[in-house]
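A structural walkthrough
Spelled out, the chains give:
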Amino acid sequence: MIHFHGDDRPAALHRLESLDSFLASTSEPPPALDDRSYAALSEQERAAHDRARVVHLSGGIVLATPHYATARTQLEKAFAANAGRNSGHAGLVISGGSTLGKTTLCKSLMRHIYRSYGAQVPEFRAHNRIPVVYIEVPAGSTGKLLMRTFADFFGLTVSSSETMLSIRNRVVDLMNSAGTQLIVIDELHNLASHTQGNGESHDLLKNLHNDLAATFLYAGINVKKMLATERGAQIGGRFSLLELHPYNLSDLKDARTWKALISTFEKQLPLRHHEHGTLTGHSDYLHDRTNGSIGSLGRLLTGAATDAIIDPSIPFERINRALLDAQQLDAAAEAAYANRVSRTAHSKKTRRSGIAA
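Since the model is a prediction, treat every value here as computed from it, not as a measurement.

Conventions and cut-offs
- Residues numbered from 1 in each chain as written.
- Predicted model: local features only at pLDDT ≥ 70, side-chain atom pairs only at ≥ 80, totals over all residues.
- Heavy atoms only, no water.
- Helix = DSSP H or I, 4+ residues; strand = E, 2+ residues; numbered from the N terminus.
- Buried < 20%, exposed > 50% of the residue type's maximum accessible area, 1.4 Å probe, protein only.
- Contact = heavy atoms within 4.5 Å.
- Areas by Shrake-Rupley, 256 points an atom, 1.4 Å probe, with all protein chains shown as cover.
- Pairing = 2+ DSSP bridges.
- Phe/Tyr/Trp six-rings, centres within 6.5 Å; stacked < 30°, edge-to-face > 60°.
- Lys NZ or Arg CZ within 6 Å of the ring centre and 35° of its normal.
- 1 Å grid on protein atoms, 1.4 Å probe; cavity = no way out; pocket = protein on both sides within 12 Å on 5 of 7 lines; lining within 4 Å.
- Points joined across faces, edges and corners; volume = space filled by probe spheres on them.
- Nonpolar A, V, L, I, M, F, W, Y, C, P; charged D, E, K, R; others polar.

The next subject is the overall build of the chain. A count of helical and extended segments in the chain gives 15 helices and five strands. Projected onto the principal axes, the alpha-carbon positions of the chain cover approximately 70 × 65 × 40 Å. Among the 357 residues that make up the chain, the fraction classed as buried is 43%. Restricting the contact set of the chain to residue pairs at least 6 apart, pairs at least 24 apart contribute 71%. Taken as a whole, the chain presents about 18,400 Å² of accessible surface, with 51% of it coming from carbon and sulfur.

Turning our attention to the pairing of strand 1 (residues 91-96). Burial runs high along strand 1: six of the six residues are buried. The two faces of strand 1 match: G91, V93 and S95 on one face and L92, I94 and G96 on the other face are all buried. Inspection of the sheet shows strand 1 paired to strand 4 (residues 215-221) by six bridges, in the parallel sense. Counterpart to S95 in the pairing with strand 4 is G220. Two elements, strand 1 and strand 5 (residues 239-243), share five bridges in a ladder whose sense is parallel. Across the sheet, G91 pairs through a bridge with F239, a residue of strand 5.

Before going further, it helps to examine the packing of aromatic side chains. To describe a pair of aromatic rings, one takes the distance between the centres and the angle between the planes. Evaluation of the coordinates by the stated rule reveals seven aromatic pairs. Measuring from centroid to centroid gives 5.5 Å for Y218 and F239, while their planes differ by 45 degrees, and the two rings are tilted. One end of the pair, Y218, is in strand 4; the other, F239, is in strand 5, with 21 residues separating them in the sequence. With relative accessibility at 0%, the residue Y218 sits in the buried group. With a centroid separation of 6.4 Å and an interplanar angle of 90 degrees, the aromatic rings of Y285 and Y337 are classed as edge-to-face. One end of the pair, Y285, is in helix 12 (residues 283-290); the other, Y337, is in helix 15 (residues 331-356), with 52 residues separating them in the sequence. Three or more aromatic residues joined by ring pairs make a cluster, and in this case those are Y114, Y117 and F124. The lysine or arginine in question, R289, covers the ring of Y337, its NZ or CZ lying 5.3 Å from the ring centre. Positioned above the aromatic ring of F316 is the side chain of R318, whose terminal nitrogen or guanidinium carbon lies 4.8 Å from the ring centre.

This next bit is on the layout of surface pockets. Volume-wise, the second largest pocket comes out at about 260 Å³. Taken together, P66, H67, T70, L242, E243, H245, P246, Y247, K253, D254 and T257 make up the lining of the second largest pocket. Of all the elements in the fold, those that place two or more residues in the lining of the second largest pocket are helix 4 (66-82), strand 5 and helix 11 (252-267). Here the lining of the second largest pocket is built from residues that sort into four nonpolar, four polar and three charged.

Pasting the structure below:
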């Protein structure tokens with residue numbers, strides 16, 4: 001069965017209304033019914049229940065990783081540092097590989113700030129307050145294109161003849177009047193190339209730090225080198241840097257955290273027959289398959305769980321080694337796993353040759 005997009009699709013991030021909907025959502029995961037309750041559902045009810053579980057697996061599982069605790073602390077410190085400043089604001093940069101959960105981490109931080117603001121200003125919507133803004137740096141960015149991305153987030157109409165300065169002034173005025181607290185700029189690595197347009201975007205972002213009474217959160221793929229450049233330092237000079245790395249099982253703390261993440265993830269799988277605790281026994285294998293990446297781990301487990309729900313040839317809704325083996329992950333994870341298997345096979349062959357000699 002093909003699961004087409006429907007009204008239950010999670011809201012996007014790069015438009016004001018949909019980001020607000022996503023951050024305000026408090027939907028609970030669908031229950032894992034027992035066989036009797038599941039069989040009692042009508043065909044239509046069963047299809048709706050299965051779809052709800054697939055949607056939850058597709059984007060509803062968010063883990064509170066140690067990276068989140070660290071990032072939350074650093075971001076809260078930046079807010080405190082900015083409380084009395086009118087220029088040179090502090091912020092946070094999250095850097096890491098493409099499957100290490102940067103955007104997921106940003107989602108959790110945005111939700112934390114959004115809800116904290118709502119607790120202090122319960123009627124903020126009635127006063128047209130916009131506490132959180134999210135954009136992605138477009139590839140081949142110029143200053144005007146970057147500001148147009150901000151304008152698109154707010155739904156502002158921009159004519160082709162409008163200047164960058166005009167768009168910028170409108171966006172800055174809007175965010176200041178809306179009391180924006182957190183500005184999240186994802187895909188920062190799109191500013192890594194040394195082009196005139198990117199240089200213009202760097203300068204523009206630096207100026208926004210001074211013109212907006214907000215805290216900035218940046219995220220991108222391996223942006224540490226970019227921040228070390230003269231222009232990159234304009235962004236990162238006052239910012240703390242959190243680098244995400246794959247989990248390393250040779251490190252005792254990482255190994256414990258990895259098992260805990262698997263266990264936490266496993267608890268959120270809405271499967272009728274899966275016995276919690278069985279996946280932690282495969283922690284080494286799961287690390288090999290995913291190269292220690294939390295993003296790849298999520299895709300592996302949710303992919304297997306989705307197959308267990310929708311594949312009629314699978315008799316029980318549980319995740320086992322065969323189901324995990326059948327999953328196809330991102331190219332980086334698959335390449336790392338193939339290399340690991342090859343090295344292991346070569347090592348065994350070498351040992352056997354030594355014994356035979």
